[in-house]
Every structure is written in C-alpha cells, then in structure tokens.
Amino acid sequence: MHRELIADGRGRSAIVFVREAYAKGDYQQAVDKYRQALDRLPDAPMLSDRRQSYTEHLSDASVALAQQFRKVGKYTEARALLEGVLAPGIDPNNIAAKT
C-alpha cells in the first residue's frame, strides 16, 4: 500500500500539515503543498482516488487563496489561480471558482 509521500520527524504525514495550514487560513502554504503532493504522486490507477482527493483539496485552497488575493488587490494572481482551478482535467465545473 502506498504511504503518504512525506513525513516529518514525528511520523505525521505532510497532508496533515497541509490540512492544518488550510484550517489556519494559510492558503498559500496549502496550495504549495498540495501541488507538491500531486507532483510527487505516481500516476498509477491504484492511486487515482488519492489524486482526485488532492486535486479537490488543491481547488478549494486555490479558491480560498484567490479570495484573499482579491481582498488585497492582487487581481492578476487571483485570476490565475481561478483559471488554474477551471482548467480541463482539474475542476472546470467549480462553482466557487466561477463566481
């Protein structure tokens, strides 16, 4: 069975840290770490559920980060994040990214 890709010295998976970062509102870290996890995840059929889950979490974090960017006037960065979410193969029907 495939284990989490990265762990800290205490054996906690990187995904736990990403979820904690998201919960604390550190969406940039969450986006960066979900991207890293997806980049490192082998493209194997038995991992397709995990890839889908990471992609969904990346989409959520990207939308949240885009909202933060909009609040501080970083419209170009926000748009790039949302376009990334809506890209084919990611989450083209994401309602939050369309609004």
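Residues numbered from 1 in each chain as written. Predicted model: local features only at pLDDT ≥ 70, side-chain atom pairs only at ≥ 80, totals over all residues. Heavy atoms only, no water.

Draft legend 1. Region of the structure containing the overall build of the chain. Looking only at helices and strands, the chain has five helices and zero strands in total. Beginning at the N terminus, the succession of helices and strands in the chain can be written as α-α-α-α-α. Put simply, of all contacts in the chain between residues at least 6 apart along the chain, 41% involve residues at least 24 apart. Entry remark: accessible area of the chain is about 6500 Å², with carbon and sulfur atoms responsible for 51%. (Helix = DSSP H or I, 4+ residues; strand = E, 2+ residues; numbered from the N terminus. Contact = heavy atoms within 4.5 Å. Areas by Shrake-Rupley, 256 points an atom, 1.4 Å probe, with all protein chains shown as cover.)

Draft legend 2. Spatial organisation of helix α2 (residues 27-40). Over its 14 residues, α2 extends 20 Å from the first C-alpha to the last, a length consistent with the 20 Å expected when each residue adds 1.5 Å. Regarding α2, the residues found buried are Y27, A30, V31, Y34, A37 and L38. Looking straight down α2, one finds its buried side chains confined to an arc of 130°; they lie on one side. The secondary structure elements touched by the buried residues of α2 are α1 (14-23) and α3 (48-71). (Expected span 1.5 Å × (residues − 1). Buried < 20%, exposed > 50% of the residue type's maximum accessible area, 1.4 Å probe, protein only. Arc of directions from axis to C-beta.)

Draft legend 3. The arrangement of the pattern of salt bridges in detail. Counted by the stated rule, this structure contains two salt bridges. Close ionic contact of D43 with R51 constitutes a salt bridge, the shortest N to O distance being 4.0 Å. Close ionic contact of R79 with E83 constitutes a salt bridge, the shortest N to O distance being 3.0 Å. On the criterion of helical spacing, the pair formed by R79 and E83 is a turn pair, its members being four residues apart in helix α4 (residues 75-85). (Salt bridge = Lys/Arg side-chain N within 4 Å of Asp/Glu carboxyl O.)

Draft legend 4. Looking closely at the packing of α3 against α4. With their axes 8 Å apart at the nearest point, α3 and α4 run at an angle of 160° to one another. Considering the angle they form, α3 stands roughly antiparallel to α4. At the point where α3 passes α4, the crossing takes the left-handed sense. Touching S59, S62, V63, L65, A66, F69 and R70 of α3 are Y75, E77, A78, L81, L82 and V85, all from α4. Residue composition of the contact of α3 with α4, by class: nine nonpolar, two polar and two charged. (Axes fitted to C-alpha atoms, helices over the stretch in contact; angles between N-to-C directions. Parallel < 35°, antiparallel > 145°, perpendicular 65-115°, else oblique. Left-handed = near helix turned anticlockwise from the far one by under 90°. Nonpolar A, V, L, I, M, F, W, Y, C, P; charged D, E, K, R; others polar.)

Draft legend 5. Quick peek at the nonpolar core. Of all hydrophobic cores here, the largest spans 23 residues; its most connected members are Y54 and L65. Secondary-structure elements contributing two or more residues to this core are α1, α2, α3 and α4. No other element matches α3, which puts eight residues into this core. (Core = buried A, V, L, I, M, F, W, Y, C linked by side-chain atoms within 4.5 Å.)

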